[in-house]
Number of protein chains: 2
Amino acid sequence: MTVQSAWTEKVELKREQLKDKIADEWKLDNETIRRLKDDKKNLIKNIDDLCSSIENQITHSTIIKLREKLNAKQLTCYKITSAFCHRAALIHQVVNCLSEIMFLEALKLADYYDKHRPATLPPLYGIPISLKDQCNVEGVDTSLGYLSRTFKPKTKDEESLIVSYLRDLGAIIFVKTTVPSSMMATDTESNTFGYTYNSINLNFSSGGSSGGEGSLIGAHGSLLGLGTDIGGSIRIPSSYQGLFGLKPTFGRVPYLKVDNSFEGRETIPSVIGPLAKDLSDLRYFMSCIINVCKPWMRDVKCLPYYFDSTANELHSDYVVGIWYSDDVIGLPPSDIRALKLCEDLINKTEGMKAVKWEPPSKLSIELFDIANEADVADSGNEIRDEFELSGEPLLDILKPMVLDDGRPPYTVNQWWDLTKRVYNAQQSMREYYLSLPELERPDVVICPTTLMPFRPGDMLKTTLRHILLFNVLNFSSLSVPVGTVDCQMDGLMDVSSALNAEDKMIRTYWNDLIESGDIEGFPVGLQIVSPIFDDSEICKFASWLFTKI
Amino acid sequence: MTVQSAWTEKVELKREQLKDKIADEWKLDNETIRRLKDDKKNLIKNIDDLCSSIENQITHSTIIKLREKLNAKQLTCYKITSAFCHRAALIHQVVNCLSEIMFLEALKLADYYDKHRPATLPPLYGIPISLKDQCNVEGVDTSLGYLSRTFKPKTKDEESLIVSYLRDLGAIIFVKTTVPSSMMATDTESNTFGYTYNSINLNFSSGGSSGGEGSLIGAHGSLLGLGTDIGGSIRIPSSYQGLFGLKPTFGRVPYLKVDNSFEGRETIPSVIGPLAKDLSDLRYFMSCIINVCKPWMRDVKCLPYYFDSTANELHSDYVVGIWYSDDVIGLPPSDIRALKLCEDLINKTEGMKAVKWEPPSKLSIELFDIANEADVADSGNEIRDEFELSGEPLLDILKPMVLDDGRPPYTVNQWWDLTKRVYNAQQSMREYYLSLPELERPDVVICPTTLMPFRPGDMLKTTLRHILLFNVLNFSSLSVPVGTVDCQMDGLMDVSSALNAEDKMIRTYWNDLIESGDIEGFPVGLQIVSPIFDDSEICKFASWLFTKI
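Residues numbered from 1 in each chain as written. Chains lettered and ligands numbered in written order. Predicted model: local features only at pLDDT ≥ 70, side-chain atom pairs only at ≥ 80, totals over all residues. Heavy atoms only, no water.

Draft legend 1. Region of the structure containing the overall build of chain A. Secondary structure summary: chain A contains 19 helices and 13 strands in total. In terms of overall dimensions, chain A is globule-like: its C-alpha atoms have a radius of gyration of 22 Å, near the 24 Å expected for 549 residues. For the C-alpha atoms alone, the extent of chain A along its principal axes is close to 60 × 60 × 50 Å. Within the span of chain A, comprising 549 residues, buried residues form 64% of the whole. Once local pairs closer than 6 in sequence are excluded, the contacts in chain A between residues at least 24 apart make up 80%. Accessible area of chain A: about 19,700 Å², with a carbon and sulfur share of 51%. (Helix = DSSP H or I, 4+ residues; strand = E, 2+ residues; numbered from the N terminus. Rg over C-alpha atoms; globule rule 2.2 N^0.38 Å. Buried < 20%, exposed > 50% of the residue type's maximum accessible area, 1.4 Å probe, protein only. Contact = heavy atoms within 4.5 Å. Areas by Shrake-Rupley, 256 points an atom, 1.4 Å probe, with all protein chains shown as cover.)

Structure below.
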């Protein structure tokens, strides 16, 4: 058997096993799959048509509402779970978002829960939750998108702490979702599972690295799932599928026993957090995981703070910073429109004020550079080694991560120097914040996220300039959907006034998307960030904002 | 000028400048210096004899009491400051504990404070505070014990955040204290400043790396000073001079703009904390720096927690773990006696219980190994480079830190692996804690610190096995004095039953110290640590303990 045939055979086997976990009656014929794939912008409606009315009611609901119905015995855990399993199976057959399917186990547990219903239902009783393929679940692989890690089912002992908390809370784990190999890409593709499409608009990428989560939740295949974010991996798929996605500060949601790339790289750490259709669900989830589970008792990296999910009222003299630009990349008209909408709403509200958030461009450039340097500090050793283990070929989306110029990995002294730069940059941003008059220091800041979607193969035609800096800063950031692109209203960008080559590329790509019409109706995502690491505050502000928009 | 003469001349100049900052009337003649140096165990009394009665009353007081007298206008800031300057000058001439002298500036400020006394005195108004030679103060060097860093006075902008907080609180900065070059040793020696002796017993080392602080405060030359601890540097000098020394968890006391070795080495970070004669003073200081200054607003690494310094009462069903041994090193009789004293006190008290704290030996060995590997991860590059800058010769105490076997520094991948081991070890200790029945999980743990003092040149004849692990674990630890060595009562150790070569060395050294009688009356230090990172709790427990001892 050649190396080539060895790895492709392993891939075939994994894919077959995955497919076999979908019940025959849920399988779509090739004709339907083709039709749904071709109807790029209507997946939700098309899937609705394939589901029963009660299933659609369930999957278009929220955790909080489902919980009310469960409490009132108007629904069973089994009905809820079954609706999501069915819908996830259908979505997957079109966008390819699942890496592990646990329908049988989920339905069995749901049935058990219905038969052994306690007097008081645990906080997530009977609620299906999806997991990025980094979380360890007994009996299934955690691949990280690497073929080398398939066919190595995890044991009970290896289960992620967050998974055991979910079980304690009564949640039902039913699927794991696709990631790009290594997770160090903002597109979702692997040799093992293939390519994950955007479920809102199949012309585009689902984003990454929590692309499977984004795509699944985007089409109502799950109400809430867990992603991770080391460079936008929660926020990008959230933005691309019109979701709420929270990148908490480090140490809020427990990462214990969640598999990862670059384990031990604590400078600019990956964090774990929820993606959800509904903001109240997201806040409810955070309060369950933090306030109920108290993860600091089990995970030494977790901070012993509660999450303030109760109050919705904002304090008086509320200040919101608006960050329009870093003088490096011009914003597309859709982002400017969304930011202005927020700014106007805030300024119209008594007791609130919008101010410009304008940290020095030099600082945002430094933050961006640091993140990029950190990502290739090991010259790609770890990723290269993982690919060599299985013999699968390196993916194009990972080539920026794997240096081929022979540069050796950083020495520990170089790494410490980079870590110092991180601290200095964090501190410089704090100095900027403190340099503002006290009454103009923002409680939260609103800013762009992804600027625009990208087509498969075009990952490098977009920018992470509004994303990576918040990983380096360890700012909590909530990705929120603020309207959609309107080709007519938003229009073309002026390429001739581009500030630099990168800006020119972005403007040109935007114009291409506008001219093709493909981007019409695509969600516009913004970020709400906290300049002083307050995860609760950004959620509270978002709740206020979304009563107005 | 040869390299040799260049560095020695620079040293001479630095030493002369330091000496010149002591007023002539405070200078001791050579005869007195010799007499005080020879009377090894009576420095405090000998210095008392050289000071006025009112000076002795002041320097033998506490911050809290001095504050009362200042409030009642029974004392002036000038009188207090002058008393400490005088005493520090005298102590320094015997034990060599100062690296920077700021008497003139301190007295001028004290005078100003007396003349511009506010209605309500700030929390540390007029209280002299000493600083380890890592804190940046405008106008003076921060040497870290390196000749290369002398004659480079810091600017106002470079001042450490903690120094500016001390100024805000009204404290008076009057001296900086000696450290071993690089601070990566537990003895205090540098080519520039020479050797710092123990002020309780001049046969011995002051410990390190905050040796100057320990020695100064030990002989009442300061009530409270700041040290740092990456491997015992607060706790060892505290233990060796019978002080209270707090190594907080990371992120409690702000490290911003405090110069350091290995900046950017955030795995097993150095932390900054107080050494004090009096426990209530130490707690008061912590509450000022944390609760009043709110360092998290300025230093992004600081955690937004308050410090609970008010309550003294312990909660009911209080559990104290006692850690007698790690099966690697046998404890000297003095430590066993001190631990038993605490255990008996606890068991005699209603609502309290002492339990054995016995984490697996394998784990404490791993923690010790990790710390040692981290210390030479860069093969000594940084220290070697600093010595080469000035041409001064490498010190014997630093030779274990500077590899001469040609091993290259760790790659970033090796460093990440070590960081992973740190997390795993921290987590294993947490698992041990959680494995105990809930009613037997200790609120605090009491354990040994240094075991015994060492003579100049004997640094490597002692062990850090009960010290380094708490740096790796990020446990908060308070070093406390529990009695003194009694050669008669404590006696010899059995060398023939030594567990291994290291244990044999320790036992042999202990017997040598007992047989010589030098160790008679030497302070015994224990640590009170928090298995769940609770800095306030260990201080609260210590306050209870010291009402009983």
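Draft legend 2. Spatial organisation of the pattern of salt bridges. Residues and elements named next belong to chain B. Inspection of the entire model under this criterion finds 60 salt bridges over all chains. Here Glu 266 and Lys 301 are joined by a salt bridge, their closest N and O atoms 3.1 Å apart. Here Lys 301 lies in the loop between helix H11 (279-292) and strand S9 (318-322) and Glu 266 lies in the loop between strand S7 (244-247) and strand S8 (271-276), a separation of 35 residues in the sequence. Relative accessible area serves as the criterion here: at 31%, Glu 266 is assigned to the partly exposed category. Ionic pairing is found between Asp 503 and Arg 507, a salt bridge with its closest N-O pair at 2.8 Å. Taken together, the residues span about one helical turn, with Asp 503 and Arg 507 both in helix H18 (residues 501-516) at a distance of four residues. Here Asp 503 matches Arg 507 in class, with each residue buried. (Salt bridge = Lys/Arg side-chain N within 4 Å of Asp/Glu carboxyl O.)

Draft legend 3. View of the relation of the copies chain B and chain A. For the pair chain B and chain A, the superposition axis carries a translation of 0.0 Å, the fit reaches an RMSD of 0.0 Å, and the rotation angle comes to 180 degrees. Within this description, the copies of the chain are treated as partners about a two-fold rotation axis. Scanning chain B for the C-alpha nearest the rotation axis identifies Thr 411 of chain B, at a separation of 2.2 Å. Comparing contact sets, 100% of the residues at the interface of chain B also lie at the interface in chain A, consistent with an isologous, same-surface contact. (Least-squares fit on C-alpha atoms with pLDDT ≥ 70 in both.)

Draft legend 4. Up close: the packing of aromatic side chains. Applying the stated criterion to the full structure yields 37 aromatic pairs over all chains. Taking the centre distance of 4.9 Å and the plane angle of 10 degrees together, the rings of Tyr 305 of chain A and Tyr 305 of chain B count as stacked. On the criterion of chain membership, the pair formed by Tyr 305 of chain A in the loop between helix H11 (279-292) and strand S9 (318-322) and Tyr 305 of chain B in the loop between H11 and S9 is interchain, its members lying in two chains. Accessibility classification places Tyr 305 of chain A together with Tyr 305 of chain B in one group, the buried group. One aromatic cluster in this structure is built from Phe 204, Tyr 240, Phe 454 and Phe 522 of chain A. (Phe/Tyr/Trp six-rings, centres within 6.5 Å; stacked < 30°, edge-to-face > 60°.)

Draft legend 5. Local environment of the packing of helix H5 (residues 63-71) of chain B against H11 of chain B. Residue and element names in this part refer to chain B. In the contact formed by H5 and H11, the axes pass within 8 Å of each other and the chain directions differ by 75 degrees. Between H5 and H11, the angle falls in the class roughly perpendicular. Along the contact surface, H5 presents Ile 63, Ile 64 and Arg 67, while H11 presents Ser 280, Asp 281 and Tyr 284. Of the residues contributing to the contact of H5 with H11, the split by class is three nonpolar, one polar and two charged. (Axes fitted to C-alpha atoms, helices over the stretch in contact; angles between N-to-C directions. Parallel < 35°, antiparallel > 145°, perpendicular 65-115°, else oblique. Nonpolar A, V, L, I, M, F, W, Y, C, P; charged D, E, K, R; others polar.)

Draft legend 6. The interface of chain B and chain A, seen in detail. Contact with chain B, which involves 35 residues of that partner, is made by 35 residues of chain A. Carbon and sulfur atoms make up 61% of the surface buried where chain B meets chain A, a total of about 3,400 Å² over both sides. It is Val 300, Trp 416 and Tyr 423 of chain B in chain B that bury the most area against chain A; as a group they hold 21% of the surface buried on that side. Linking chain B to chain A there are zero salt bridges. Linking chain B with chain A are 16 residue pairs in polar contact (both at pLDDT 80 or more). The residue inventory of the side of chain B that touches chain A, partitioned by class, reads 19 nonpolar, seven polar and nine charged. (Buried area = accessible area lost by both parts, 1.4 Å probe. Polar contact = N/O pair within 3.5 Å; in protein donor to acceptor, adjacent residues only side chain to side chain.)

Draft legend 7. Representation of the confidence of the model for chain A in the model. Residue-level pLDDT values for chain A average 97, and 99% of them are 70 or greater. For this predicted complex, the interface confidence comes out at an ipTM of 0.94, alongside a pTM of 0.96. (pLDDT = per-residue confidence, 0-100.)

Draft legend 8. Structural view of a negative patch on the surface. A cluster of acidic residues, Glu 9, Glu 12, Glu 16 and Asp 20 of chain A, forms a negative patch at the surface. For Glu 16 of chain A, a relative accessible area of 47% corresponds to the partly exposed category. (Patch = residues over 30% accessible without salt bridge, like charges linked within 9 Å, V, L, I, M, F, W, Y side chains within 5 Å. Lys, Arg positive; Asp, Glu negative; His and termini not counted. Charge placed at Lys NZ, Arg CZ, Asp CG, Glu CD.)

Draft legend 9. Region of interest: the UniProt feature "domain: Amidase" (unreviewed entry) in chain A. The sites that carry the UniProt feature "domain: Amidase" (unreviewed entry) are, in the present numbering, residues 80-539 of chain A. For residues 80-539 of chain A, the helix share is 35%, the strand share is 14%, and the end-to-end C-alpha distance is 27 Å. (UniProt positions renumbered as here; feature names shortened; annotations may be inferred.)

Draft legend 10. Seen up close, the sheet that holds strand S10 (residues 352-356) of chain A. Residue and element names in this part refer to chain A. Strand order in the open sheet formed by 11 strands is S1-S3-S2-S6-S8-S7-S12-S13-S11-S9-S10, with mixed pairing between adjacent strands. The open sheet has two free edges, formed respectively by strand S1 (98-101) and S10, since each of these has just one partner strand. The average undirected angle you get between the axes of adjacent strands in this sheet is 25 degrees. Lying over the sheet, helix H7 (residues 103-115) contacts S1 and strand S3 (172-177), oriented at roughly 165 degrees with respect to S3. (Pairing = 2+ DSSP bridges.)

Draft legend 11. Region of interest: the side chain of Thr 419 of chain A. Tracing the chain through its elements places Thr 419 of chain A in helix H15 (residues 412-435). A polar atom in the side chain of Thr 419 of chain A sits 3.0 Å from the side chain of Thr 267 of chain A.

Draft legend 12. Structural detail: the sheet that holds strand S12 (residues 477-484) of chain B. Residues and elements named next belong to chain B. Reading across from one edge, S1-S3-S2-S6-S8-S7-S12-S13-S11-S9-S10 is the order of the 11 strands in this open sheet, with mixed pairing throughout. Each of the sheet's edge strands pairs with one partner strand only, and the pair in question is strand S1 (98-101) and strand S10 (352-356). Each neighbouring strand pair of the sheet contributes to a mean axis angle of 25 degrees, computed without reference to strand direction.

Draft legend 13. A look at the pairing of S9 of chain B. Residues and elements named next belong to chain B. By the criterion of burial, S9 is predominantly enclosed, with five of the five residues buried. Residue alternation in S9 divides its side chains into two sets, Tyr 318, Val 320 and Ile 322 and Val 319 and Gly 321, and both sets are buried. One ladder, built from five bridges, connects S9 with S10; its direction is parallel. Within S10, the residue paired with Tyr 318 across the bridge is Met 352. Crossover handedness for the path S9 to helix H12 (residues 333-348) to S10: right-handed. Inspection of the sheet shows S9 paired to strand S11 (residues 444-448) by three bridges, in the parallel sense. From the neighbouring strand, Ile 322 faces S11, where its bridge partner is Ile 446. (Right-handed = clockwise from strand over helix to strand, strands pointing away.)

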